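Architecture and fold: a report
Here are the chains, one letter per residue:
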Amino acid sequence: MNIIAELYPMNRSITGPGVRDSLAVLDQIIDLEISEVPSGSAVLDWSVPQEWIFREAWIEDESGRRVIDSANSNLHVVNYSIGVDQILSKADLEPHLFSLPDRPQAIPYRTAYYDRSWGFCLSEEQRQQLGDGPFRARIDAEHIDGSLTYAEHTIRGTSRDEVLVSTHICHPSLANDNLSGMVLAAALAKELGASQPRLTWRFVFVPGTIGAISWLAENRDDLQDITDGLVLTGLGDLNPFTWKQTRQGNNRIDKLMAQLFLESGVDSSVIPFGPYGYDERQYSSPGFDLPVGRLTRGVHGTFPQYHTSDDNLSFVTAQGMEQAAGFLLQIAQMLESDRRYMNLQPYGEPMLGRRGLYSSLGGLPNPGAAQMAMLWLLNQSDGERSLLEIASKSEIPMLELAEVAEVLVNHDLLAPID
Ligand code: ZN
């Protein structure tokens, strides 16, 4: 929560110092490998835009009073606006103003990334109180040749299989979308780095759309080992968890999320893949077709705080972040433990008592359930069925199965085959 508060006032965009400053904050949690892609570089079908250097934006009324000022909220300037300094009548200013009549106290978040325009966002209440003008509108900003910045953090496991965790870093003062995702991804990476994961974990921190496209362009020959992927965003609110399925809808990560929702009993939903949303769109484009879905709580566009100044430091709560962190850790543990085993005594049931297995399970919280888990594991471990499939079939929580599998491995009754 402290890091979210530190990141909140920074004026992020798809390029420029706000992104670099934000990554420097995350770099205090995990070591980030920073990449800079020069402006104008061809990336897939796109071109890397110029850097946006923003200093200030305000509107003064006739008396010289600043009626709108980016010093109060960096949402007041349409993100990536061109510079302007003009005296305007109210009628001429109006097309450059954006407010939300349905939510009169909130400042909307708007961007002008791919057209050369400028504008101000303000609350409907502020708009009503502007007066008649004329107004001086000044945006002190420029676009310069520089670079687009993204960051990676890779934790090498013993397996070749890789998990991609991607989160966007380009929104300015919006807390849930996506400071929650940025901080949780970094926290998960830190936690996994402290253990010795079996899988390789690739964390990617990218400006939305163009950042993911740039990362894909730079890494297109190094994607073949990605077996599972999650886009993380909007996880710090208290709405139910939502899994947006991968493009195929039946990848391992889809089944794992369904299993986790079932086991945890939390209020949650699974929604099918669609081509609109966050960076899962890029990872799931047909040329790449990576098995990447998206974990959020409130879904973009469906909660009233979305892309407004109400997505602030009171919308994201410590409780929401803690729940999401626990959930992410559980997803990681499930992915780490999803292996295939071979029963080394497959002819008849092995005699468990002789091996002292009842007593060795005595220390587990629920020996009866552990015994059932043992029987399921021994029966199903034919080298074909994964732990996730056995969990689904047996209705025994996957991580409980994993714990018992460990005991059976130690007694030479099971052997992991991957
Ligand atoms: Zn957004």
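Our subject is the structure that appears above.
To start, this report covers the structure provided alongside it. Keep in mind it's a predicted model, so treat the numbers as computed, not measured. (Residues numbered from 1 in each chain as written. Predicted model: local features only at pLDDT ≥ 70, side-chain atom pairs only at ≥ 80, totals over all residues. Heavy atoms only, no water.)

1. Here's the deal with the overall build of the protein
Within the protein one finds 13 helices and 19 strands. Seen through its principal axes, the protein has C-alpha atoms that stretch 90 × 40 × 35 Å. The buried share among the 418 residues of the protein stands at 55%. Considering only contacts within the protein whose residues lie at least 6 apart along the sequence, 79% involve residues at least 24 apart. For the protein, the separation between the mean place of its 31 positive charges and that of its 56 negative charges on side chains is 3 Å. (Helix = DSSP H or I, 4+ residues; strand = E, 2+ residues; numbered from the N terminus. Buried < 20%, exposed > 50% of the residue type's maximum accessible area, 1.4 Å probe, protein only. Contact = heavy atoms within 4.5 Å. Lys, Arg positive; Asp, Glu negative; His and termini not counted. Charge placed at Lys NZ, Arg CZ, Asp CG, Glu CD.)

2. Structural notes on the coordination of the zinc ion
Within the protein, His-171 (NE2), Asp-177 (OD) and His-307 (NE2) serve as the donor atoms for the zinc ion, at 2.1 Å. Sequence spacing of the donor residues for the zinc ion, all on one chain, is H-x5-D-x129-H. With His-171 in the loop between strand 11 (162-168) and helix 5 (175-194) and His-307 in the loop between strand 16 (292-296) and helix 9 (318-337), this pair connects stretches of sequence that are 136 residues apart. Neither His-171 nor His-307 differs from the other in exposure class; each is buried. (Donors = N, O, S within 2.8 Å, 3.2 Å for Na, K, Ca; no water.)

3. A look at unusual backbone geometry
A cis geometry characterises the amide bond from Gly-133 onward to Pro-134, with omega recorded as 0 degrees. With respect to the helices and strands, Pro-134 occurs in the loop between helix 4 (124-128) and strand 9 (135-144). The omega angle of the peptide bond from Asp-177 to Asn-178 is 15 degrees, so this bond is cis rather than trans. Position of Asn-178 among the secondary structure elements: in helix 5. Positive phi, normally seen in glycine, also occurs at Tyr-80, with a value near 80 degrees.

4. Observations regarding helix 5
Its 20 residues give helix 5 an end-to-end C-alpha distance of 27 Å, which sits within 8% of 28 Å, the value for a rise of 1.5 Å per residue. For helix 5, the tally of buried residues reaches 15 of 20 residues, placing the bulk of the element in the interior. (Expected span 1.5 Å × (residues − 1).)

5. Brief notes about the sheet that holds strand 17 (residues 340-343)
Reading across from one edge, 18-17-19 is the order of the 3 strands in this open sheet, with antiparallel pairing throughout. Each edge of the open sheet is held by one strand with a lone partner, namely strand 18 (382-386) and strand 19 (414-416). Averaged over all adjacent pairs, the angle separating strand axes in this sheet is 35 degrees, with direction ignored. Of the pairings in the sheet, the one linking strand 17 to strand 19 comprises 3 bridges and is antiparallel in character. Following the sheet pairing, Tyr-341 is matched in strand 19 by Pro-416. (Pairing = 2+ DSSP bridges. Axes fitted to C-alpha atoms, helices over the stretch in contact; angles between N-to-C directions.)

6. Let's talk about helix 6 (residues 210-219)
Across the 10 residues that make up helix 6, a large majority, 8, are buried. Of the positions making up helix 6, those classed as buried are Ile-210, Gly-211, Ala-212, Ile-213, Ser-214, Trp-215, Leu-216 and Asn-219.

7. Some words on the sheet that holds strand 15 (residues 268-271)
On the basis of which strands lie adjacent, the open sheet formed by 8 strands has the order 1-10-12-11-13-16-14-15 and mixed pairing. Every other strand in the sheet has two partners, leaving strand 1 (33-38) and strand 15 as the edge strands with one partner each. In this sheet, adjacent strand axes meet at a mean angle of 20 degrees when their direction is disregarded. Looking at chain direction, strand 11 and strand 13 (residues 226-232) are connected through 5 bridges and run parallel. Bridge assignment links Val-165 to a residue of strand 13, and that residue is Leu-230. Each of strand 1, strand 10 (147-155) and strand 12 (200-206) is contacted by helix 2 (residues 17-26), which is oriented at about 20 degrees to strand 10, the strand it contacts most. Seen against the sheet, helix 6 touches strand 1, strand 10, strand 11, strand 12 and strand 13 and runs at an angle of roughly 65 degrees to strand 10.

8. Some words on the state of the cysteines
Should the sulfur atoms of two cysteines be covalently bonded, the bond is a disulfide. Counted under the stated rule, the structure contains 0 disulfides. No disulfide involves Cys-121; its sulfur sits 15 Å from the nearest other cysteine sulfur, which is in Cys-170. Accessibility expressed as a relative area gives 3% for Cys-170, which makes it buried. (Disulfide = S-S within 2.5 Å.)

9. Brief notes about the pattern of salt bridges
Under the defined criterion, the tally for this structure stands at 21 salt bridges. The salt bridge involving Arg-252 is made with Asp-338; its shortest N-O contact spans 2.8 Å. Note that Arg-252 is positioned in helix 7 (residues 252-264) and Asp-338 in the loop between helix 9 and strand 17, a separation of 86 residues in sequence. With a shortest N-O distance of 2.7 Å, Arg-294 and Glu-280 are connected by a salt bridge. Highlighted residues: Arg-294 in strand 16 and Glu-280 in helix 8 (residues 280-283), separated in sequence by 14 residues. For Glu-280, a relative accessible area of 0% gives the class buried. (Salt bridge = Lys/Arg side-chain N within 4 Å of Asp/Glu carboxyl O.)

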